[in-house]
Structure formats: structure tokens, C-alpha cells
Amino acid sequence: MFLGSMNTAILAVALPRLQFGLAASDSQVQWVVDGYQVLAGSMLLTAGALGDRYGHRRVYLTGLAVFGLAATGCAAAGSPAALIAFRAVQGAGGAVLTPGTLALIVRHVPDPAARSRAVGIWTSAMGVGIVAGPLGGGLLVEEFGWRAVFVLSALIALIALPLTASTVGADRPPARHRPPDVLGQALAALTLAGLIEAIIVLPNSLGVAGLAAAAAVVLGVAFVLVEQRRPYPAVDLALVSRSGFAVPLLLAGTLFLALNGFTYYNALYLQRVHGFSPAMTGAWMLFTAIPLLVIAAVSGWCYLRFGPRRTVTTGCLLLAGGLLLLAFTLDASSWAPRIAAYVLVGTGVGLANGSITSAGLRDVPAHCGGVAAGMLATARMAGGALSIAVIGSIVVARLAAELTRWLGAHPVGPGAEEALWQSARSGVVFSTAPAGAGAAMAVGFQQGLAVALGCCAGALALMALLTARQLPERARSEPRRDGEGP
């Protein structure tokens, strides 16, 4: 669980060095992040079904081994294309980490008191990963380079494999199980990948973007038609049609659209615009990670005390307020407003994330709990993947516009112009470019990020306000039973 939560946070501080080291374009860097999320998100839809069919211990060990081997491949990758491919494989393995670890606890710790303690340790490991990822990743990158973050993931997987094999006994698959929906899972992944590619290439090629969008629409229609006819679909469309579940799905996706965009592009902003080292970037990100960990620990109490509607809406609005404050203070001389924005972001996510899950599972029949949890996790992954594409396209377009404007006013030779464009695309700190051009690049990046953060804040606030009345006012006092009406 620590490995899964650390994976996202640790990569954020490594991206600029990674981009520079591999001479990767902005679109390739976006796919380094999204390749993992697309595969992990789609595989999450059937991770529980695979565990039920073949045994959770076996599936978990297989996924962990795939994750570790792919991390080793990422560390050794010599080109952006190879890194993207290994990241996609890593996502397929990483999809089983969260549901697999929880399933093992549920099956092998039968005593309620012991299970409660085990789940507490499980949750704490996630929080520690969120906090340790930015700072530890920054120190690793600064001392050993960007490949070290993948080496660390491979080493943790290598340690976890024999520990799990020696301490967790084999579990017997049930006589009745839900078979995995491989076709639906593949169509979901291809649909999301087509949509992301359309967004990423939009600033550079309208024609290619149109083709990718058309392919995504066709694949999406095929996905819906297939899922309507499957006896055990990866996405239960009947479950989605329930207003009580559809709203948390939308909120989960929008929440992580905002959070992932902030996490990755704030790290790029600190390193490329302000020239912060990876370690310093990780230290600044603790202003978000620590409030997130602290508030997440009490979010369950808030959910029960104040109800889903107030808790989720308050958390979403706090996150939106933090993003909006950051958007308006990116160019401020004082860092105090930005620190306040970081704290608001962490507080809002810590309050809203778990409450959205609880609200989503509140009225779901017990026999659909695993499928519903997988769909919520996939919504988060999809929202996070889309945010990288959307915010990246906005930032790249604005940066290119500012550099084009500067070149129009300051003509340079063809070789020098190509060097400037390469600097803009390669992940270097903008201050290392020629003074005037570097300042223009920094302004473009900063303005693009401000616009993108403002859009994310507006979308999240609007979603929270529009759906507030659809969320239940109070938490359920008793667990839902199979056959109970909505």
C-alpha cells in the first residue's frame, strides 16, 4: 500500500530531470504519467474478479512481481518510448496493489478487532507514502538521478514478494465467482487512451486530434453496447444509472482531475520556473501532503457527524478555493498565499476523498460492493489521467504562444531558434535559457498553469454545487443488506 501511494507522489518531483535526461517532449512526458494511469484504471475494473477467480494471494503476488519488473525496466529505459511502455506494464501490475492488499486483510484476519487494527495500519501506510514520496523522491533524484525512483519501487517490491509468500497462506477461490470482463476492460482502456491522445496533440495537430477523438467515440459506443450485453460487465451500467452512485463517480473523477493536475504541474512549476531542486520541491509539497494525511484520519468522523452532503461539498469547495488562490498568486512576491493554497488543497482532498467513497458505497447492494469500489477507483484514475492531458495542453499552448511572441520581437538565427524551442520542450529550468527567452517561457508556463488551475477549480466547485442536493444528508446508521431497496 505504501508502494502504491508513493508511486504517484515520488514521480511528480522527478519529471523535470526525467524529461531532460531522456530529451522527452512534453507529450511524451504526459504519456509517462498517463500510460500508467490508463492501464491501472482499466485493470482496476476486474482486479477483484481476477482475485475471486484465481485467489487473491496469487493475483496479488503476480501483480506485485509485474510492478517490480516493470519498475526495473523503467529504471533502465533508454528512450521515452521504452519508458512509456514499461510504465503501462507497471500500471497493469499496480492495479492489483490496493484491492489486493485489502482483500488479503479481509480474508486472512478474521478477528474483527485484529482486522480493525490491520486496516488502520493499511491506511496509515497509504498516508506515509503520500507524505514520504515527495521529500524522499526529491532527495533520491537530487543525489542519484531520476532512475533512482524506479529502482526504489523495484526494491520495495522485491522485499514485499518473499514476505507475502512466507506469511500469507493460500486462499481457496470460492465455488461461485464473477468472471473478469476482458473485452470490456480493453475497450475502456482504448477509449480513455484515444481521448487522452486527442487532448495531448490538440495544440499541435487538429487533424490528428480529430481522428483520435473520433476513434475514442467509436470505441466508447462499442464499450457501452458490449457492457449492456455482458452477464458480468466490468462497468455495471445499471449501477451507474442509480443517481446515488452516479454522483460520487462524477465527483471522484473531478476531484482527481484537480488533484493530479495540481500535484504534477505544481512540481514542474517549482522546478522549471523557480529553479527549485527536487528535494526542495518535495519539501514544499509537504504543505499539501501533511494536511491531507491529518484530515483524512478524521474524515470518517466528519462523515458520520455532519453527513455526506456537508462533508463532501465542504471538501470539494476547500480544494477549489486552494486551486483558485494558487492560480491568482503564482506571480506574487510573497510565498505566504501559496502556502495557504497548498494547505487548502490538502485539507480539501483529505476531507472529500474518503467521504465520496463512503457516499458512493452507501446504497450499493453488498454483492456489488467490489464492483462499485473498482468503478470508483477507475473514476479517480481516469480523472487523474485526463487532468495531465488537459492541463499539459493548456500550459504547452500558452508557453508556445509566449515564445513565438518573443521570437517575433527578437529575431534569431534558425539554429538559435531551434535551440530555444528545444529548451522549452526538454524540461530545463527556464532561467538557463537566454534571459529574454527564458523569461518569456516562464511567463507562458505560469500563465497557462494559472488558467488551467482556475478551470479545474471552477469545474470542481460547479460539480460540487450542482450535485450537493443529490448526496444523502445523513450517513447510514446500519450496513446495507442484499435485497434492501434504495
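In what follows, the structure referred to is the one given above.
Quick summary incoming for the structure in this document. Just so it is clear, the model here is predicted, and its values are computed rather than measured.

Structural notes on empty space enclosed by the protein
In this approach a probe as big as a water molecule rolls over the atoms, and the regions it shows empty are the leftover space.
Link 1 in the chain: For the structure shown, the criterion picks out three cavities of 30 Å³ or more.
Link 2 in the chain: Each pocket or cavity is described by its volume, and for the largest cavity that value is around 150 Å³.
Link 3 in the chain: In this structure, the largest cavity is lined by 16 residues; those nearest its centre are Asp 26, Gln 30, Tyr 265, Leu 268 and Val 396.
Link 4 in the chain: Looking at the second largest cavity, its volume works out to about 50 Å³.

Describing the state of the cysteines
Link 1 in the chain: Within this structure, the stated rule accounts for zero disulfides.
Link 2 in the chain: This cysteine, Cys 302, is not joined by any disulfide, and Cys 316 carries the nearest cysteine sulfur, 14 Å off.
Link 3 in the chain: Of all cysteine sulfurs, the one in Cys 456 lies closest to Cys 455, which takes part in no disulfide; the gap is 7.1 Å.
Link 4 in the chain: Among the residues examined, Cys 455 registers a relative accessible area of 46% and is labelled partly exposed.

Some words on the packing of helix α1 (residues 2-22) against helix α12 (residues 278-306)
Link 1 in the chain: The geometry of α1 relative to α12 is characterised by a closest axis approach of 9 Å and an angle of 155° between their N-to-C directions. Comparing their axes, α12 and α1 come out roughly antiparallel. As α1 runs across α12, the sense of the crossing is right-handed. Contacts between α1 and α12 involve Ala 12, Val 13 and Arg 17 from the first element and Pro 278, Thr 281, Gly 282 and Met 285 from the second.
Link 2 in the chain: A class-by-class count of the residues in the contact of α1 with α12 yields four nonpolar, two polar and one charged.

A look at the nonpolar core
Link 1 in the chain: Ranked by size, the top nonpolar core spans 111 residues in total, and within it Leu 83, Phe 150, Leu 323, Phe 445 and Leu 449 carry the most contacts.
Link 2 in the chain: Looking at which element gives the most residues to this core, the answer is helix α11 (residues 243-273), with 17 residues.
Link 3 in the chain: Leave out the neighbours within four places in its chain, and Leu 83 touches Leu 18, Leu 22, Val 32, Cys 74, Ala 77, Trp 146 and Phe 150.
Link 4 in the chain: In terms of nonpolar packing, the next biggest core, distinct from the first, is built from 10 residues, Val 38, Ala 189, Ala 193 and Ile 196 among them.

As for the side chain of Thr 467
Link 1 in the chain: Secondary-structure assignment places Thr 467 in helix α17 (residues 435-467).
Link 2 in the chain: Among the residues examined, Thr 467 registers a relative accessible area of 8% and is labelled buried.
Link 3 in the chain: Within the structure, the side chain of Thr 467 is placed 2.6 Å from the backbone oxygen of Met 463, a separation counted as a polar contact.
Link 4 in the chain: Residues within four places of Thr 467 in sequence aside, it is in contact with Val 247 and Leu 251.

Topic: the layout of surface pockets
Link 1 in the chain: Computed from the structure, the second largest pocket encloses a volume of approximately 700 Å³.
Link 2 in the chain: Around the second largest pocket, the lining comprises 25 residues; the ones closest to its centre are Leu 192, Met 375, Thr 378, Ala 379 and Ala 382.
Link 3 in the chain: Elements supplying a minimum of two residues to the lining of the second largest pocket: α2 (26-54), α8 (182-201), α9 (206-229), α10 (237-241), α11 and α15 (369-409).
Link 4 in the chain: With six residues, α15 is the largest single contributor of residues to the lining of the second largest pocket.
Link 5 in the chain: When its residues are assigned to classes, the lining of the second largest pocket shows 17 nonpolar, eight polar and no charged.

A word on the packing of aromatic side chains
Two descriptors summarise a pair of aromatic rings, namely the distance from one centre to the other and the angle between the planes of the rings.
Link 1 in the chain: Scanning the model with the defined rule gives eight aromatic pairs in all.
Link 2 in the chain: Considering the side-chain rings of Trp 284 and Phe 287, the 5.4 Å spacing of their centres and the 50° angle between planes classify their relative orientation as tilted. In this pair, Trp 284 and Phe 287 are both assigned in helix α12, three residues apart and thus about one turn of the helix distant.
Link 3 in the chain: Under the relative-accessibility criterion, Phe 287 is labelled partly exposed at 33%.
Link 4 in the chain: Plain terms: the ring middles of Trp 284 and Trp 335 are 4.7 Å apart, the flat faces sit at 35° to each other, and that makes the pair tilted. On the criterion of sequence distance, the pair formed by Trp 284 in helix α12 and Trp 335 in the loop between α13 (308-329) and α14 (336-361) is long-range, its members being 51 residues apart.

Conventions adopted
- Residue positions are given per chain, counted from 1 along the sequence in the order it is written.
- For this predicted model, a pLDDT threshold of at least 70 governs which residues receive local features, and a threshold of 80 or more governs which side-chain atom pairs are given and counted, while totals over whole chains, interfaces and linings are taken from all residues.
- Water and hydrogen atoms play no part in the side-chain values, which are based on all heavy atoms of the structure.
- Cavities and pockets were defined on a 1 Å grid built over protein atoms only: a cavity is a set of grid points that admits a 1.4 Å probe from which the probe cannot escape, a pocket is an open set flanked by protein on both sides within 12 Å along at least five of seven lines, and lining residues are those with an atom within 4 Å of any such point.
- Grid points are joined across faces, edges and corners, and a volume is the space filled by probe spheres set on the points.
- Throughout, disulfides are identified as pairs of cysteine sulfur atoms within 2.5 Å of each other.
- Think of it in three bands: with a 1.4 Å probe and only protein chains considered, a residue is buried below 20% of the maximum accessible area for its type, exposed above 50%, and partly exposed in between.
- Think of each axis as a best-fit line through the C-alpha atoms, taken over the contacting stretch in the case of a helix, with angles from 0 to 180 degrees between the N-to-C directions.
- Going along the chain from the N terminus, every DSSP run of H or I of four or more residues is numbered as a helix, and every run of E of two or more is numbered as a strand.
- Each angle receives one of four descriptions, namely roughly parallel if under 35 degrees, roughly antiparallel if over 145, roughly perpendicular if within 65 to 115, and oblique otherwise.
- It is the rotation of the near helix from the far one that decides the hand of a crossing: anticlockwise by less than a right angle makes it left-handed, clockwise makes it right-handed.
- The contact rule is simple, with two residues in contact once any of their heavy atoms fall within 4.5 Å.
- Residues are sorted three ways: Asp, Glu, Lys and Arg are charged, Ala, Val, Leu, Ile, Met, Phe, Trp, Tyr, Cys and Pro are nonpolar, and all the rest, Gly among them, are polar.
- Residues enter a nonpolar core if they are buried and are Ala, Val, Leu, Ile, Met, Phe, Trp, Tyr or Cys, with the set joined through side-chain atoms within 4.5 Å.
- What qualifies as a polar contact is a pair of N or O atoms within 3.5 Å, subject to a donor-acceptor requirement within protein and to the restriction that residues adjacent in sequence count only when both atoms come from side chains.
- Working definition: a ring pair exists when centres of Phe, Tyr or Trp rings (six-membered ring for Trp) sit within 6.5 Å. Plane angles under 30 degrees give stacked, over 60 give edge-to-face, the rest tilted.

Fair warning: the whole summary comes from geometry, so function is off the table for now.
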